Amino acid sequence: MTKDTKVRAAITAIEAYLPEYILTNDELSRMVDTSDEWIMTRVGIRERRILKEPGVGMSYMAIKAVKTLLEKNNLQPSDIDGIICSTVTPDMVFPSTAAIISDACGIKNGLSFDMQVGCAGFIHAFKTAALYIESGFCKRLIVVSGEKMSSIIDYTDRNTCPLFGDGAAAVLLEPCADGNGLQDAILRSDGIGKEYLHMKAGGSIKPATHETVDAREHFVYQDGKNVFKWAVSKMSEVSLEIMDRNGLNPNEIYFLPHQANMRIIEAVGNRMGMRSDRVLVNIDNRANTSSATIPILLWDNKHLFLKGDNLVLSSFGAGFAWGSIYLKWAVDNMK
Ligand code: UT7
């Protein structure tokens, strides 16, 4: 058998930053008409982290994640060829938050740009970074996904305020020629999602005015029931497709799904024929951190993974945009 020496992009380091403040279901129950019981049974979230430091944006968390990643792995900023940041909550409309993070971390010799693909941002950014690495254009890239969801959540709306949390996570991607790393990706979209998941104002159609602020139009709007149905159907579809075309069986993969609702996670896992201990979950204490969800889930579980392990990551969110990626873990005992 010939040895597989194709150059692939592999995660060689990972770091996350979660804000200290814990917003519990009990505290939320004092803010809106909800209860711990409703949130736990309908969604599966017990608590979420919220960035409370005044005057800081999403980059505050992403910078901490990237700096720690560099320090722990004895890397200099000059070793990095660029930063791709996925987010729906950039510090500002422009410049890109990637540029702000690069500047704060001293990364001066590389590309920096943001990608906005809703909750599916990380898997899209990962595939994009992998193409740069596989082509030889870049050697070491950081993909950082971060969200300050609390900046776009209406804490008077019980339909959305229990669902989201803040956080950031960064992965280092490097070329790998031992058969591990990113194996396959399926990325899809359908613009029908605009109707069900959007922010009404603040973009160029409806710039901010006193009226848009008064009408509370700068917050997440979600038709949860429709998003739920699409999320179950599409995450299952692409995850089954990627398993099928790579000859994977459910017993030999870890499945890392987007963490929006425990009932979605279970429904997708069931459709894929997964054993529950192979479906990784952190929704109870992280909630939905939009595009940061998957890398935070990876970081929370990195102790489980050994070199050569098969991981399928899948996400679904605004757009709609969704997808699955299949990777072989490349490092034993990641720090
Ligand atoms: O990350 C992007 C992708 N997002 C998702 O995948 C989210 C998908 N959607 C969901 O996870 C769920 O649809 C929600 C968690 C958003 C809502 O759960 P649901 O089971 O679909 O509830 P619902 O919206 O149908 O509401 C059922 C009832 C309603 O009351 P009535 O009209 O039946 O009297 C709601 O007003 O539950 C009520 N409700 C609540 N009650 C207590 C809605 N939110 C709350 C709440 N506490 N926080």
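Going by the structure above, here's the rest.
Residues numbered from 1 in each chain as written. Predicted model: local features only at pLDDT ≥ 70, side-chain atom pairs only at ≥ 80, totals over all residues. Heavy atoms only, no water.

**A closer look at the site of the ligand**
- The environment of the ligand is made up of 22 residues, and the closest members are Thr34, Arg42, Lys225, Asn261 and Asn288.
- A distance of 3.0 Å separates a nitrogen atom of the ligand from a polar side-chain atom of glutamine 222.
- In isolation the ligand exposes 950 Å². Once the protein is present, 75% of that is buried.
- Those elements giving two or more residues to the shell around the ligand turn out to be helix H2 (36-42), helix H7 (224-245) and helix H8 (262-271). (Near = heavy atom within 4 Å. Polar contact = N/O pair within 3.5 Å; in protein donor to acceptor, adjacent residues only side chain to side chain. Areas by Shrake-Rupley, 256 points an atom, 1.4 Å probe, with all protein chains shown as cover. Helix = DSSP H or I, 4+ residues; strand = E, 2+ residues; numbered from the N terminus.)

**Looking at the sheet that holds strand S13 (residues 321-328)**
- With mixed pairing, the 4 strands of this open sheet are ordered in space as S8-S13-S12-S11. Single-partner strands in this sheet number two, and they are strand S8 (181-189) and strand S11 (253-257). On average, each strand axis in the sheet is inclined to that of its neighbour by 15°, with strand direction left out of account.
- With 8 bridges joining them, strand S12 (residues 310-317) and S13 adopt antiparallel strand pairing. By the bridge assignment for S13, phenylalanine 316 is matched with tryptophan 322.
- Docked against the sheet, H7 engages S8, S11, S12 and S13, running at close to 150° with respect to S12. (Pairing = 2+ DSSP bridges. Axes fitted to C-alpha atoms, helices over the stretch in contact; angles between N-to-C directions. Contact = heavy atoms within 4.5 Å.)

**Looking at the sheet that holds strand S1 (residues 8-17)**
- Strands sit in the order S1-S7-S6-S4-S5 across an open sheet of 5 strands; the sheet is mixed. Since the sheet does not close on itself, it has two edges, and those belong to S1 and strand S5 (111-115), each with one partner. Neighbour to neighbour, the strand axes of the sheet diverge by 20° on average, direction disregarded.
- Sitting on the sheet, helix H5 (residues 121-135) is in contact with S1, strand S4 (82-86), S5, strand S6 (141-148) and strand S7 (166-176), with an inclination near 165° to S6.

**Focus: the environment of phenylalanine 320**
- Among the secondary structure elements, phenylalanine 320 is positioned in the loop between S12 and S13.
- Along the primary structure phenylalanine 320 and valine 66 are separated by 254 residues, whereas in three dimensions their C-alpha atoms are 29 Å apart.

**Description of the side chain of serine 150**
- With respect to the helices and strands, the residue serine 150 is situated in the loop between S6 and S7.
- Once residues within four sequence positions are removed from consideration, serine 150 is found in contact with Ile50, Leu51, Tyr155 and Asp166.

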